[in-house]
Each structure stands twice: as structure tokens, then as C-alpha cells.
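Coordinates in review
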Amino acid sequence: MKSTGKVVGVNGNMVTVEIAGDIKLNEVGYVVTGGTKLKSEVIRINGDRAQMQVFEITKGIGIGDPVEFSEELLAVELGPGLLGQVYDGLQNPLPELAEAAGHFLERGFYLDPLPKDQKWEFTPSVEIGAQVVKADKLGEVPEGTIKHNIMVPFSMLDNYSVKSIKSKGSYDIKDTIAELEDSRGNVIPVSMSFEWPVKKAIKCYAERLRPVDPMVTQIRLVDTFLPVAKGGTYCIPGPFGAGKTVLQQITSKFADVDIVIVAACGERAGEVVETLKEFPELLDPKTGKSLMERTIIICNTSSMPVASREASVYTAVTLGEYYRQMGLDVLLLADSTSRWAQAMREMSGRLEEIPGEEAFPAYLESTIAGFYERAGLVQLKDGQKGSVTIGGTVSPAGGNFEEPVTQATLKVVGAFHGLSRERSDARKYPAIHPIDSWSKYKGIIDEEQTSYAYDILFRSNEIESMMKVVGEEGTSLQDFVIYQKGELLDATYFQQNSFDPVDAAVSPERQKYLFNIMMEILGAELDLSSKDEARSWFNQLRQVILDYNGSEWQCDAFKDLEEQIKKTLAEKKIRVDERAAALMEKI
Amino acid sequence: MRKVYSKIDSIVGNVITVKADGVKYGDLAEISTSFGDSLAEVNKLDGDMVSLQVFAGGQGISTGDEVRFLGHPMQVSFSENLMGRIFSGSGAPRDNGPTLNENLIPIGGPSFNPANRIIPKNMIRTGIPMIDLFNTLVESQKLPIFSVSGEPYNELLARIAMQAEVDMIILGGMGLKYDDYLFFKDTLEEGGALSRTIMFIHTAADPIVESLQVPDISLAVAEKFALQGKKVLVLLTDMTNFADAMKEIAITQEQVPSNRGYPGDLYSQLASRYEKAVDIQGAGSITILGVTTMPGDDVTHPVPDNTGYITEGQYYLKNGRIEPFGSLSRLKQQVNDKTRDDHRALMDGMIKLYASYKDSLEKQSMGFTMSAWDSKLLKYGASFEKEMMDLSVNVPLEKALDNGWKILADSFNKEETGLKSSLIDQFWPAVS
Ligand SMILES: Nc1ncnc2c1ncn2[C@@H]1O[C@H](COP(=O)(O)OP(=O)(O)OP(=O)(O)O)[C@@H](O)[C@H]1O
Ligand SMILES: [Mg+2]
């Protein structure tokens, strides 16, 4: 029996409801106001009263308004047709909503997440009599660039035998494609879609593995020095305007994964529009199809209701876990996790919970940890591997990383790409601070070599700070050259022009190639007789390498410029430092 | 006839509570006090206890004053008759014109469906090189001026407004000094723009709660005009006053503050206003230029900080100039690839060099010998400040770009600029 209730209090987006009957924590209910049903979620139960967060604007709700409960937890619908969709935080398809309701997000409109009448070409993979359990494959349909497995719904916990299965043919997501008989002889019809509660992780795999393979982003600084692994987690904290969103946008375009889920969580609507309008036009070089076909956008931007903002990251990760069950590599990019944390804070404040630091709730840390825990590389029962990688931006108040959300996130992630105001002010993009940032994962280039480059960078930085104290005149020529080498590495390898058609994305192959050239330069002992000569030589070299970076891989200009780099270097190179020589031997 | 309640239960700061029934969240009420009538808005319901924030403030309200609920939330009249008119924060005439009651529309409506947005594409020219060249303003952008008090931010706002090619201007003033209000009025009048301007003005002398309605009322009207095809420029000054009014109410209602007394939903509150900026396919647009004064010149103060995370950049006004660092237009890349081939490269390259100039300046101030390179940078920095940053410069973008190359050529060799060789070949000025 579904319970009912009536509103006895309204405070912001929280309503207090007097209930008749039983309800569950996190159960979905609808506040009925002026004929419109407003979706809400139970977040606290106390005696015969429940507190609910309303996923809509609460204007106009009055005391006594009826509430209808659904007996369901907040859930998403899983099945073919998710790819290419643009949803709000509760999986409402926004383009369809616009068609139905016009320019504005009128409240109380809820549409089916998956197209009901689209037909899918189903190929069965089990036979009658087969024994199956949850998440076992029953068949597949092609969806965009992938093969979409049709699986036994994850909430079916018994052992089943297949009573019937549809033959190859085209069906819609509500057609019964199989009948499964449970251990007590009940026959359960199964279609291509089913629901799953967003706050529960999908764990239908054999085991979780340690993430090892790099997830290539085509960003040099990331892939070479601060790598992210498939199935790993990383965060991008940074002050406003430092380039978090641009970094994620580039990653969403160029990352080497099967599926990208973009969760625009409490940020600007305009930024999502860029993705929305661009992706259908861009081709994925791997598949030759439009990028949109491998992308799902969850868009709950800053002016949309905060309660659904809180839900949106879970909606996103649940969709990610679903595709991971098919043996695919999924990348979830959440921008910004701070807005999600703030949504929690708003609700916690209305519940009058005892506040922690900066008024965030006491459970902030465990909630953040729980979210990132849903990433991971897994081995499925059929031996295939799938992964969910999570990258979240963090927007710390005042750009200061010593704040609860950044700190809680740093405790759980595997890589930290910290953006620096100094670097973004100086237009050094991507503004990831190369020294403060870290990664626990393996990159595309051997660590011994990257650490050689890093050592020079460290030294260069030390010398730079020293130079601020003793001046250029108090710095030896030798140190000055090391300083210049560090600057060159920064300008030509770390910095990358995301708006240049060539430099925006650099293949691992080309990264390795350029890195070898950098090694030759960094490891070279140079015949430079004065600081002015050194500066002008490095300027010249930098200029050629920048042009080189902007030239098409292996085209004529590329080869010419490479010759020029080699020639410029040869003019001043005396010999190669031993450690560098040994490392280059290895390549 | 609506019920009148004449027993006010509590009065704390600007918030009163009354026992009443049939009231909806967000509804308006009218309170009759011995000082006159004031509007109030329901901001909490708890059983039959209704809390209201009183626009005219709590001062002087008596427990026996009458509260009459109007049965609807805040509304504003929308028609062509608004043009050229001046209203208060609650929509009452401030000029000598008539009260408008026709075609009432709600304020603070739902947000625009992101799927129906389009990518902004029209540059708004201002003649200010720090804007046009380095931080291009784009139609439908939301962008505040970050400023210390005492800077000429309202002058800058008015100058941009007068130069911008828009169909109409809506000025939302919050805590505006009376002189500034008159300044805007005079400037708009002199520029012949008053007849296409609507003002919602809350001055520093008015009750603080009334300023809370200003952004919503301004933007609700802007939205309607934009839907009718108008390019609307909304000026909101000063949003820090708006945030402070919110803070005051939050503290009165004993909300747990998150940061320096500001409520935890400051970000969402500001965002729901700024996100009204939009370019509507086949219709008009809303561009929002705001002012956010920074208490103590502290950009990490919660108001500028949260604002920076919401808006599409900011102009950082300091010492009468728009600072290259800290200033940003996030929409510039939507338009600056269509202006001139050298625009983007010059924009980044010149700022990088200006950053180096700042380093040299620091070295110089510490008494170090200046290398040949430092001297070049010093020369460059001085020209940059004079020809690019000085707000008295008023030139079209193309001229500003040409000037940029001239400054570079006067100060550096080609390869010292870090610019792409192909651009240098095309644009480097011939030696005269
Ligand atoms: N890699 C890049 N190359 C060139 N420009 C960049 C790059 N990254 C950022 N920018 C510039 O900086 C602006 C701000 O970047 P972005 O929107 O990514 O910042 P953010 O860190 O996400 O800020 P917020 O926290 O306010 O959302 C961009 O609009 C662009 O002009
Ligand atoms: Mg961002």
C-alpha cells in the first residue's frame, strides 16, 4: 500500500510532512500543489513526520497540501538509448522537455528517460533452459558505437532458468525479451530496460582490480607526468577561472575511453551548451562516429533545483557502472563536486544538523569517499574487464585548498591536478601546477625518465626563487642555464594550447617523440658563454619548438622544424650528461 | 475578501511571524503600520506559524499591526509602458508616473532549459582595449566588475552601457548612493538612452530588505522583453549589497552561516540570478553586467568569490584601470577567432609578456641590476599600461591590435615575443 501524507511545514526546498502509513528513507514522494506533482525524496523520518527535499521550486506549496508516496527509491532507468542523451539530475531528458514545455523548466514535468518506441536489433545469446543470475547477459543490441548487453536486471537476486527468449529481431525496450523462472517456480518477464536506485553501487562483478593502464587524455602534462589510470580517480581543484572546466572539456573530447559521462553539477548552463552543440559535429577518430554517440550529459546547472543537483552525481555514476558491466571503459567527469557538497550543506542546514567545518555536514568526508569508491577497474564474471574512471573538479572557497571538500577529496583520489591562479593569470595553460600536483598511477613514459625531467624542473624552480633574492647577477651561468631548461620544459611541454587544432590533442606516440627531444635538450651540456647569449638561444629554441608543436604530425613543416631544432641544439651542444645518456640508451 | 490578521507573534530584525492559515510559501502580504504600508514575503511555514521578511524592515512594526495576505507571490507589471520609468525595489513608482497594474507577471521564475540555449556569438564592442582585445564582452554574457569601493565602477558600467549596441537597458540598483543614481540618470539622459531604459532603484537610504527583489524584478522584465526579440542589457549594481541583505535575513532566522556569516546557499542564490543571462534562438538576449564591490580589496571574500565561480569572467578594476590579471572573459573564445587572425595570439602573448614585466619590476624594486632583457620588458610594460590599460584610450579593436604589434616591435625582437612565426611574418610592422 502506498502511503500518503500532508504538508505541515515549508522551509526553502525542504518540506515537513505528516505521514499516514509506512515510508522508507530515500523513498520518492510527490507533493501535490495546485494540481502539479512535485517530485521529492524522504531524507529524514521522525515519528509520524518526514522531512523531504523537493526537487523543484517550492513556491506556492501550502500547509495541508497532500503528499503521495511511491514506495520506490530514487532510481534511474537503465537500457539501450542512454548514449547521446542530455538529462537533468533526475534523468529527465532535457531536449524532450523543451519540446513539451517550451523554453523554461516548468516544474512538475517528468518524462520517460528512454525512448519508448525506438526499436533495437536484438540478438539473443542464451538458450532456453540456461541458468542465469543477475547481470548475466541475455543478448545484445547495437547502440551507437558499442554493443549494448541486455542483462538480467541487477535487482533480481535469485537463480533463474530461461523459460523463453526472443529470437533475433527488433524490439522496443518494454517488449518482453525473455521469461525467467526463479527457484520457486515463478515466471518473471524481463524487458530490455530496468530500474536501479542511484545511491546503491552496482557490484555485479567477479572482482575489483588495481587500476594500472593509463587512460590517455592527450594532454602532455597529464599523460607524461601526472597520469590517470583507467578505473582510477582524480580531482582538479582550482580557483575560479583557472581552467577546470576547459580541462574537462578537452578530456571529454580526447580521452581514450568507450563512453564519457559529463556531469555538469551546479555549474554554468552555457558551458554544457558548448558540449551539447559541438559534440554532434565532432568525429571520434577511433570510431568515425560523432562524439555525441559515446557521450551522456547529466546537466543540473547552478540555477536548477539544488536537491536534484545532489542526486545528479549519483545518476551519472550509476549510468557509468551500468556500462562498465558490459566490459567497457567509462569516464565520468563531474564539474563541480563542490556544488554537490554545497547542496548537501544546504540540506543539512535545513535539517538543523550539527554543522562541521564551514557548516558542511559531519558526513561530508565519508560521502565524498563513498562517491569516488564507485570508480574502479573490475573483472566481470565472463572474464572481461570494465572500468569507471572518475575525475571531479573542486571549487574551493577563496581558491584555498585547505578547505573541507578539497581535503576530503585528496584523501581518496589517486591523482591530484591542482590548478594555480599564478599560472592561469600568466596564461600558462593547462594551469596544472606541475610541482604541487601528484599522481599515484603509471604514465605513458617510463618513470626514470620523467623523474630526470622533474629533477631539472625542481632545480630550475629553486634557482628561480633564489634569483628573486640574489638577482640574476648573483646566479652562476650554470644555474642560469638550468633555470632556462626548466622554463623551456614548461613552455613547450607542460603548456599546451587547447585552442590550437594540432596542439590541443597530442597522441602518446607524439608525446614520446617530443619527450625524447626534450631529454636531449635537458641532458645537454651547452656551450653558452653569457646569460644574455643563453637567454637568446633558449628563446630561439622555444620559438622553433612551439611552431613544431603546432605543425601536423610528420608533415613537411614538422620535419623541417625538427631539423631546425636539432640544428639549433647541435650548434651549442658539447656533450650529454651521463644520467641522461644512460636513460636515452634505454629508449 | 482575504482574511486580515492583527496579531503579530514575533518581530525579530526584519522578520515577523503571524499565525495564519491558507498561506502559500513565497506569497506576499501587506502590513499596515503607523509609518505606512509595506510588503512582506513568506519565507517559512511551520504549521500555522508563518514567517515573513518585511520589505520596509522590522523597525516600528507593532504586534497589533494588520497583516493582509495577497494570495500571490511577488509580481511586476510588464508592458511597453515600463520604458523610461523608474521604480523602487518593490515595483512602486519612484518617478511621478502612474502605478502600473496591467499584465502582471511573476518574478523569480524557473530557469531556462539548457537544451534550448545557443552558443553566444556576437561580440559587444566597447572601444576599451582591455575589454575588446583581452577580455572580449559577448552578447548574453554575465560578467561583473570586481572593484574596491572608491573606484569608478559605476562610470565604467555606464560607459559600457552607452557604447553597447543593445535595444534596451534595465538598471537594477541595490544600495545605490543617491548621487550615483542621479549620475546614471544624467548619463542615460545625455546619451539619449533614457527612453529605452527601465530602472528599479533601491538606494542606500531605503530599507535593506527591499533590495532583495531588485535582481529578480529586473530580470523578470528583461526575460519578457528578450522573448519578444529585444537585446536587453541588465546592469546590476551593487550585488554585494544584495548578498549582504540576504546575510542579514539569514542571521535573523538563525540559519547556520557557512562563511563569514553568509548563508550556505549564497552560491545558489547568486547563480539563480546570473543564470538568467541567455541568448534565445530566434528571439532576443539578456546580457548581465554587474558590480561586485570587494570588501577590503579581498577577492577571496565570499561575495566576489562565489560570484567569480558563477559568472563568465570578471573585469577587475583597480587604480582606475582594468587589471590584466584577475580579469577574464570566458566567452571571448566564442568570438575572437572571427575578428582577426592575430587576435587570440596577441591576447595571450601580450599578457604573458606583461607577467614577465611584473617580475622584472619586482626585481628592479629590490635593487637588482637590470639585464638587457629586463630593460626591454620595462619598456614594454610602460607602453602596455599607457596604450592598452589606460581607461581613457578609446579605439576600435583593429586599431588596438595594430597598436599591440607596434608596442611589441618597439620593445622586442621577433623571437622574443613567443608568438607563432606565421603571425609574426604577417603582422610585424615594417621598420619605418
Ligand atoms: N587550456 C586552456 N587554454 C586556453 N585558455 C584556457 C585554458 N583553460 C582555461 N582557459 C581560459 O580560462 C577561462 C576559464 O576557464 P574555465 O572555465 O575552465 O575555469 P574554471 O576553473 O572551470 O572556473 P570556474 O570554477 O569558475 O568554473 C576559459 O574561458 C578560457 O578563456
Ligand atoms: Mg568551471
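Residues numbered from 1 in each chain as written. Chains lettered and ligands numbered in written order. Predicted model: local features only at pLDDT ≥ 70, side-chain atom pairs only at ≥ 80, totals over all residues. Heavy atoms only, no water.

**Observations concerning the overall build of chain A**
Of the regular secondary structure elements, chain A holds 15 helices and 28 strands. Computed over C-alpha atoms, the radius of gyration of chain A comes to 27 Å, within 12% of the 25 Å expected from 2.2 N^0.38 for 587 residues, which places it in the range of a compact globule. Referenced to the eigenvectors of the C-alpha coordinate spread, the extents of chain A come out at roughly 90 × 55 × 40 Å. Accessible area for chain A stands at about 22100 Å²; split by element, carbon and sulfur atoms hold 49% of it. Averaged over its 64 positive side-chain charges, chain A has a centre that lies 2 Å from the centre of its 87 negative ones. (Helix = DSSP H or I, 4+ residues; strand = E, 2+ residues; numbered from the N terminus. Rg over C-alpha atoms; globule rule 2.2 N^0.38 Å. Areas by Shrake-Rupley, 256 points an atom, 1.4 Å probe, with all protein chains shown as cover. Lys, Arg positive; Asp, Glu negative; His and termini not counted. Charge placed at Lys NZ, Arg CZ, Asp CG, Glu CD.)

**What to know about the overall build of chain B**
A count of helical and extended segments in chain B gives twelve helices and 23 strands. In terms of overall dimensions, chain B has a C-alpha envelope of 85 × 50 × 40 Å along the principal axes. Taken over 432 residues, chain B has a buried fraction of 59%. Here the contacts in chain B between residues at least 6 apart in sequence split such that 72% fall between residues at least 24 apart. Accessible surface, chain B as shown: approximately 15800 Å² in total, 48% of it carbon and sulfur. Separation between the mean location of the 41 positive side-chain charges and that of the 56 negative ones in chain B comes to 4 Å. (Buried < 20%, exposed > 50% of the residue type's maximum accessible area, 1.4 Å probe, protein only. Contact = heavy atoms within 4.5 Å.)

**Concerning the site of ligand 1**
Around ligand 1, a shell composed of 20 residues is seen, among which K244, T245, V246, R268 and S498 of chain A lie nearest. One of the side-chain nitrogen or oxygen atoms of Q333 of chain B is found 3.0 Å away from an oxygen atom of ligand 1. The protein chains hide 96% of the 630 Å² of surface that ligand 1 would expose on its own. Looking at the shell around ligand 1, the elements that each hand over two or more residues are helix 3 (244–254) of chain A together with helix 7 (302–310) and helix 8 (332–335) of chain B. (Near = heavy atom within 4 Å. Polar contact = N/O pair within 3.5 Å; in protein donor to acceptor, adjacent residues only side chain to side chain.)

**A look at the sheet that holds strand 10 (residues 131–132) of chain A**
What the four strands build is an open sheet, ordered 10-13-15-16 (chain A); its pairing is antiparallel. The sheet is open, and its two borders are formed by strand 10 and strand 16 (187–190) of chain A, each paired with just one other strand. (Pairing = 2+ DSSP bridges.)

**Focus on the confidence of the model for chain B**
Mean pLDDT over chain B: 93, with 100% of residues reaching 70 or higher. For this predicted complex, the interface confidence reaches an ipTM of 0.90, while the overall pTM sits at 0.93. (pLDDT = per-residue confidence, 0-100.)

**Re the side chain of S193 of chain A**
Residues and elements named next belong to chain A. On the secondary structure map, S193 appears in the loop between strand 16 and strand 17 (194–197). The exposure class of S193 is buried, given its relative accessible area of 7%. In this structure the side chain of S193 is engaged in a polar contact, spanning 3.2 Å, whose partner is the side chain of K174. The contacts of S193, once residues within four sequence positions are left out, are E77, L78, G79, L114, I173 and K174.

**Some remarks on the nonpolar core**
Membership of the largest hydrophobic core comes to 77 residues, with the highest contact counts inside it found for L94, F225, I297, L489, Y493 and L526 of chain A. Looking at this core, you find at least three residues from each of domain 3 (206–439) and domain 4 (447–586) of chain A. The contacts of L94 of chain A, once residues within four sequence positions are left out, are V86, Y87, D88, L105, C299 and M304 of chain A together with N113, P114 and A115 of chain B. Judged by nonpolar contacts, the second largest core, of 76 residues, contains M156, V330, I390 and F416 of chain A. (Core = buried A, V, L, I, M, F, W, Y, C linked by side-chain atoms within 4.5 Å. Domains from an automatic or database assignment.)

**Describing helix 15 (residues 578–586) of chain A**
All names here are of chain A. Of the positions making up helix 15, those classed as buried are A580, L583 and M584. Buried residues of helix 15, viewed axially, fall in a sector of 100 degrees; they line one side. The exposed set on the far side of helix 15, more than 90 degrees from its buried face, consists of E578, E585 and K586. In this structure, the buried side of helix 15 is in contact with helix 10 (447–470), helix 12 (508–522) and strand 28 (573–576). Two to three positions downstream of the cap, the backbone nitrogen of R579 sits 3.2 Å from a side-chain oxygen, assigning the N-cap of helix 15 to D577. (Arc of directions from axis to C-beta.)

**Notes on the domain arrangement of chain A**
Residues and elements named next belong to chain A. Segmentation of chain A into domains returns domain 1 (4–73), domain 2 (120–192), domain 3 (206–439) and domain 4 (447–586). Contact residues are listed per partner, giving 13 residues for domain 1 and ten residues for domain 3. Counting each side, the surface lost to burial between domain 1 and domain 3 is near 900 Å², with a carbon and sulfur contribution of 59%. Area buried by domain 1 at its contact with domain 3 is led by N13, R44 and F55, which between them contribute 47% of it. Looking at the side of domain 1 that touches domain 3 residue by residue, the class counts come to five nonpolar, five polar and three charged. (Buried area = accessible area lost by both parts, 1.4 Å probe. Nonpolar A, V, L, I, M, F, W, Y, C, P; charged D, E, K, R; others polar.)

**Brief notes about the pairing of strand 13 (residues 160–165) of chain A**
Residues and elements named next belong to chain A. Bridging between strand 10 and strand 13 involves two bridges; their strand directions are antiparallel. Within strand 13, the residue paired with V132 across the bridge is Y160. Relative to strand 15 (residues 178–181), strand 13 is paired through four bridges, and the arrangement is antiparallel. Opposite I165, over in strand 15, you have A178 as the bridge partner.

**Points about the packing of helix 12 of chain A against helix 14 (residues 556–572) of chain A**
All names here are of chain A. Contact pair helix 12 / helix 14: the axes reach a minimum separation of 10 Å and the direction vectors enclose 20 degrees. The orientation of helix 12 with respect to helix 14, classified from their angle, is roughly parallel. Our pair here, helix 12 against helix 14, has a crossing hand that is left-handed. Across the interface between the two elements, R510, Y513, I517, E520 and I521 from helix 12 touch F558, E562, I565, K566 and L569 from helix 14. Of the residues contributing to the contact of helix 12 with helix 14, the split by class is six nonpolar, no polar and four charged. (Axes fitted to C-alpha atoms, helices over the stretch in contact; angles between N-to-C directions. Parallel < 35°, antiparallel > 145°, perpendicular 65-115°, else oblique. Left-handed = near helix turned anticlockwise from the far one by under 90°.)

**Topic: a nonpolar patch on the surface**
A cluster of nonpolar side chains, namely M466, V469 and V470 of chain A, defines an oily patch on the protein surface of about 260 Å² accessible area. According to the relative accessible area criterion, V470 of chain A is partly exposed, its value standing at 36%. (Patch = residues over 30% accessible without salt bridge, like charges linked within 9 Å, V, L, I, M, F, W, Y side chains within 5 Å. Salt bridge = Lys/Arg side-chain N within 4 Å of Asp/Glu carboxyl O.)

**Some details on the sheet that holds strand 14 (residues 169–171) of chain A**
All names here are of chain A. An order of 12-11-9-14 is seen for the four strands of this open sheet, with the pairing classed as antiparallel. The sheet is open, and its two edges are formed by strand 12 (146–151) and strand 14, each paired on a single side. For this sheet the average axis-to-axis angle between neighbouring strands, irrespective of direction, equals 40 degrees. As paired elements, strand 9 (residues 120–124) and strand 14 share three bridges and run antiparallel to each other. What sits directly across from E121, in strand 14, is S170. Strands in contact with helix 5 (residues 306–324) are strand 11 (137–143) and strand 12; relative to strand 12, the strand with the most contacts, it is inclined by about 95 degrees.

**A short note on the interface of chain A and chain B**
Taken together, the contact between chain A and chain B spans 78 residues of the former and 79 residues of the latter. At the boundary of chain A with chain B, total buried surface from both sides reaches about 6400 Å², with 53% on carbon and sulfur atoms. The closest approach of N and O atoms between D265 of chain B and R350 of chain A, which form a salt bridge, is 3.5 Å. For the interface between chain A and chain B, the tally reads 32 residue pairs in polar contact (both at pLDDT 80 or more). No other element matches helix 13 (residues 531–549) of chain A, which puts eight residues into the side of chain A that touches chain B. Split by residue class, the side of chain A that touches chain B holds 29 nonpolar, 24 polar and 25 charged. For strand 1 (residues 4–11) of chain A and strand 5 (residues 36–46) of chain B, the ladder comprises two bridges, and the chain directions are antiparallel. Within strand 5 of chain B, the position partnered with V10 of chain A by the bridge is L45 of chain B.

**Digging into the domain arrangement of chain B**
Residues and elements named next belong to chain B. By the assigned domains, chain B splits into domain 1 (4–72), domain 2 (77–334) and domain 3 (343–427). Each of domain 2 and domain 3 has a C-alpha centre, and the two are 33 Å apart. Opposite the 23 residues of domain 2 that make contact, domain 3 presents 23 residues. Buried surface at the junction of domain 2 and domain 3, both sides included, amounts to about 1900 Å², of which 67% is carbon and sulfur. Where domain 2 packs against domain 3, one counts two salt bridges. In this structure, the connection of domain 2 to domain 3 is made through seven residue pairs in polar contact (both at pLDDT 80 or more). The set of elements that each furnish at least two residues to the side of domain 2 that touches domain 3 consists of helix 1 (129–132), helix 2 (153–163), strand 22 (321–322) and helix 8. Considering only residue class, the side of domain 2 that touches domain 3 consists of eleven nonpolar, six polar and six charged.

**Re the packing of helix 11 (residues 477–494) of chain A against helix 12 of chain A**
All names here are of chain A. Direction vectors running N to C along helix 11 and helix 12 enclose 165 degrees, while the axes themselves pass 11 Å from each other. Comparing their axes, helix 12 and helix 11 come out roughly antiparallel. Where helix 11 crosses over helix 12, the handedness of that crossing is right-handed. Counting all contacts with helix 11, which are made through K485, L488, L489, T492 and Y493, the residues of helix 12 involved are Q511, L514, F515, M518, I521 and L522. When the residues that make up the contact of helix 11 with helix 12 are grouped by side-chain class, the tally is eight nonpolar, two polar and one charged.

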